[in-house]
Amino acid sequence: LKILNKEVSEHKIEGEEPPKPIPVNWIGSEWGFFALPASFPLASSECFTSGRVYGMDVSSGAGAAALLSTAFDSNASQSGDLKSATDSDGEIRVLDLCCCPGLKLCAMADHFRDQKATIIGVDVSESRMALCKKIVTKYQVSHGDTEHANTSLTPPKANIQLYCQDGTNFGTNWKEQNLVFDTRSALEDMAVRGKRKRMNKSARARERKRLKQIASDDWTHPQPTNDDSKQESPSGTPGIKLFDYVLVDAECSTDGSLKHMKERLKSDDPKKNGVSEEKVIETNDMLTDQKQLDELVDLQKRLLESGYRLLKPGGKLVYSTCSLSHAQNENVVKWLLDTHPNDCYSIPVHFPNAKSSLIVEGRLNGTVRFYPNLAKEDMELFGDGFFLAKLGKRA
């Protein structure tokens, strides 16, 4: 549970005692993570529908926290100074290369709520991006209620932009730049439209034109004048402005995710078939089929290479998955380190306040593995299986 406002702990469902949120202290109080009893109906609670809290696995939150904070760097002196990497006007640029469903974007925007920042999310799936737009709108624009939306003309300092396109070549081809959402633009539009939820045809056309101009302002190379041309940056180098922080939470086999484990664990109905109850675990082809695993690892490498290409010299990158497979984690990180031996380096990460056997160092020094909290014990405030590694690019 990610709480945006401390007063949420005082809210309750009518006729029930208020929930007792338990602070998840090992990740740091500034990130606002709390645990609630599993029996609490979060989705129907007023604090959830009004956009003051959102449900997010704390392991995933640890990836964003490790990226944006030096508090979890084992050797803070390796963290460097990002002042040399930020824009001259002090704006911080963050890229979430595999951003859906969008909760990490919200967490990072909350982190930079008092700083000028542009946070860009990218995902290739139109359906996932549609969900991401809804989530970002709920928590960053309307706060769950379009009738009481933030219609102030003063834009937030942290602005979220969403691009629906392939993360493996994002930012290298102007003709493929597909900006579909911008927080500030959405706030301005909502201030004009008020309670109307749907745009008419002319409003949609104006929005597309406005988003294209916003994307154009972020592009550093000359743009094509011929609509039929495909203007790529020289030698595939980025045409978009580079980033201070990059998060590559890559597509994976999801074998560390409790949610996905439960989906694969099926129970036959003994009343239906007349036999004793039997649990069947479906095969995860991404782990058992070598061809599929090789294709997945290749995609992960291309995503990581793309994220590193878009990182400023002096910037920081976190690579993460919800898999426990060494092939998808340590091996992919080592591949990037070996590919860029002169400028890519590892930043060892640890969580000193997490006194648990569920968080251990990976096979590659400085990486971290979270093992899934299957017991769900009260004192074990941890979530899904997760892997993360933090890397830097020398200036």
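From a predicted model like this one, the values you see are computed outputs, not experimental measurements.

Each helix and strand in the protein was counted, giving 11 helices and 16 strands. Per-residue burial over the protein gives 50% buried out of 395 residues. Across the protein, contacts joining residues at least 24 apart in sequence account for 72% of those joining residues at least 6 apart. For the protein, the exposed area adds up to about 19,800 Å²; of that, 50% sits on carbon and sulfur atoms.

Turning next to the pattern of salt bridges. All told, the structure shown has 13 salt bridges when counted by the stated rule. For glutamate 207, the salt bridge goes to arginine 210, with nearest N and O atoms at 2.8 Å. Of this pair, glutamate 207 and arginine 210 both sit in helix H6 (residues 201-217), three residues apart, which is roughly one turn of the helix. One salt bridge connects lysine 334 with aspartate 338, and the closest N-O pair in it is separated by 2.8 Å. Of this pair, lysine 334 and aspartate 338 both sit in helix H11 (residues 330-339), separated by four residues, roughly a single helical turn. The class for lysine 334 is partly exposed, based on a relative accessible area of 42%. Each of Asp96, Lys104 and Asp249 takes part in salt bridges that share partners, so that together they form one network.

What follows deals with the confidence of the model for the protein. In the predicted model, the protein carries a mean pLDDT of 81, and 73% of its residues have values of at least 70. For the protein, the element scoring lowest by mean pLDDT is strand S11 (residues 279-281), at 44; H11 scores highest, at 98. Confidence drops under pLDDT 50 across residues 144-153; counting only partners more than four residues distant or on other chains, this segment forms 16 contacts. Across residues 266-282 the pLDDT falls below 50, and counting only partners more than four positions away or on other chains, this stretch makes 20 contacts in the model.

A few words on the packing of helix H2 (residues 58-68) against helix H3 (residues 103-111). The interhelical angle for the contact between H2 and H3, taken along N-to-C directions, is 40 degrees, at an axis separation of 10 Å. Accordingly, the angle class assigned to the pair H2 and H3 is oblique. Read as a crossing pair, H2 and H3 show a hand that is right-handed. Here Ser60, Ala64, Leu67 and Leu68 of H2 come into contact with H3, specifically with Lys104, Met108 and His111. Classifying every residue of the contact of H2 with H3 by side-chain character gives four nonpolar, two polar and one charged.

Where burial is concerned, most of H3 is hidden: eight out of the nine residues are buried. If you check which residues of H3 are buried, you get Leu103, Lys104, Leu105, Cys106, Ala107, Met108, Ala109 and Asp110.

This part covers the environment of proline 101. Position of proline 101 among the secondary structure elements: in the loop between strand S5 (92-96) and H3. Spatially, the C-alpha atom of proline 101 lies 7.3 Å from that of methionine 129, the residues being 28 residues apart in sequence. Not counting the four nearest positions on each side in its chain, proline 101 is found in contact with Leu131, Cys132 and Ile135.

Our next topic: the side chain of glutamate 305. Summarising the element assignment, glutamate 305 is placed in helix H10 (residues 290-309). For the buried glutamate 305, which has no salt bridge, the nearest side chain bearing the opposite charge is arginine 309, at an N-O separation of 4.6 Å. What glutamate 305 contacts, discounting residues up to four positions off in sequence, is Trp335, Leu336, Thr339 and His340.

Okay, the environment of valine 248 next. With respect to the secondary-structure elements, valine 248 resides in strand S9 (residues 243-249). Once the C-alpha coordinates of valine 248 and cysteine 99 are considered, the two residues, 149 residues apart in sequence, prove to be 8.4 Å apart. Once residues lying within four places of it in the same chain are set aside, the contact partners of valine 248 are Leu97, Leu303, Leu304, Gly307, Leu317, Val318, Tyr319 and Ser320.

What follows deals with the pairing of strand S7 (residues 158-164). With seven of seven residues buried, S7 is to be regarded as a mostly interior element. As paired strands, strand S6 (residues 117-123) and S7 are joined by seven bridges and run parallel to one another. Paired with valine 122 across the strands is tyrosine 163, a residue of S7. Bridge analysis of S7 against strand S8 (residues 179-182) gives three bridges, and the strand direction is antiparallel.

On to the packing of H3 against helix H4 (residues 126-142), then. Interaxial distance between H3 and H4 falls to 9 Å at its minimum, and their mutual angle equals 30 degrees. When the axes of H3 and H4 are compared, the pair comes out roughly parallel. The chirality of how H3 crosses H4 is right-handed. In this structure, H3 uses Leu103, Leu105, Cys106, Ala109 and Asp110 to contact H4, whose residues at the interface are Cys132, Ile135, Val136, Tyr139 and Gln140. For the contact of H3 with H4, the per-class residue count stands at eight nonpolar, one polar and one charged.

So, about unusual backbone geometry. Cis geometry marks the peptide bond from cysteine 100 to proline 101; its omega dihedral reads 15 degrees. A positive phi angle is found at threonine 254, which is not glycine, with a value near 60 degrees. Turning to its location among the elements, threonine 254 is positioned in the loop between S9 and helix H7 (258-264).

Next up on the list: the pairing of S6. Counting buried positions along S6 yields seven of seven residues, so the element is predominantly enclosed. By the alternation rule, side chains of S6 split into Ala117, Ile119, Gly121 and Asp123 and Thr118, Ile120 and Val122, which are all buried. Pairing between S5 and S6: five bridges, direction parallel. If you follow leucine 95 over to S6, its bridge partner there is isoleucine 120. Of the crossover connections in this fold, the one passing from S5 over H3 to the parallel S6 is right-handed.

Parameters and conventions
Residues numbered from 1 in each chain as written. Predicted model: local features only at pLDDT ≥ 70, side-chain atom pairs only at ≥ 80, totals over all residues. Heavy atoms only, no water. Helix = DSSP H or I, 4+ residues; strand = E, 2+ residues; numbered from the N terminus. Buried < 20%, exposed > 50% of the residue type's maximum accessible area, 1.4 Å probe, protein only. Contact = heavy atoms within 4.5 Å. Areas by Shrake-Rupley, 256 points an atom, 1.4 Å probe, with all protein chains shown as cover. Salt bridge = Lys/Arg side-chain N within 4 Å of Asp/Glu carboxyl O. pLDDT = per-residue confidence, 0-100. Axes fitted to C-alpha atoms, helices over the stretch in contact; angles between N-to-C directions. Parallel < 35°, antiparallel > 145°, perpendicular 65-115°, else oblique. Left-handed = near helix turned anticlockwise from the far one by under 90°. Nonpolar A, V, L, I, M, F, W, Y, C, P; charged D, E, K, R; others polar. Lys, Arg positive; Asp, Glu negative; His and termini not counted. Pairing = 2+ DSSP bridges. Right-handed = clockwise from strand over helix to strand, strands pointing away.

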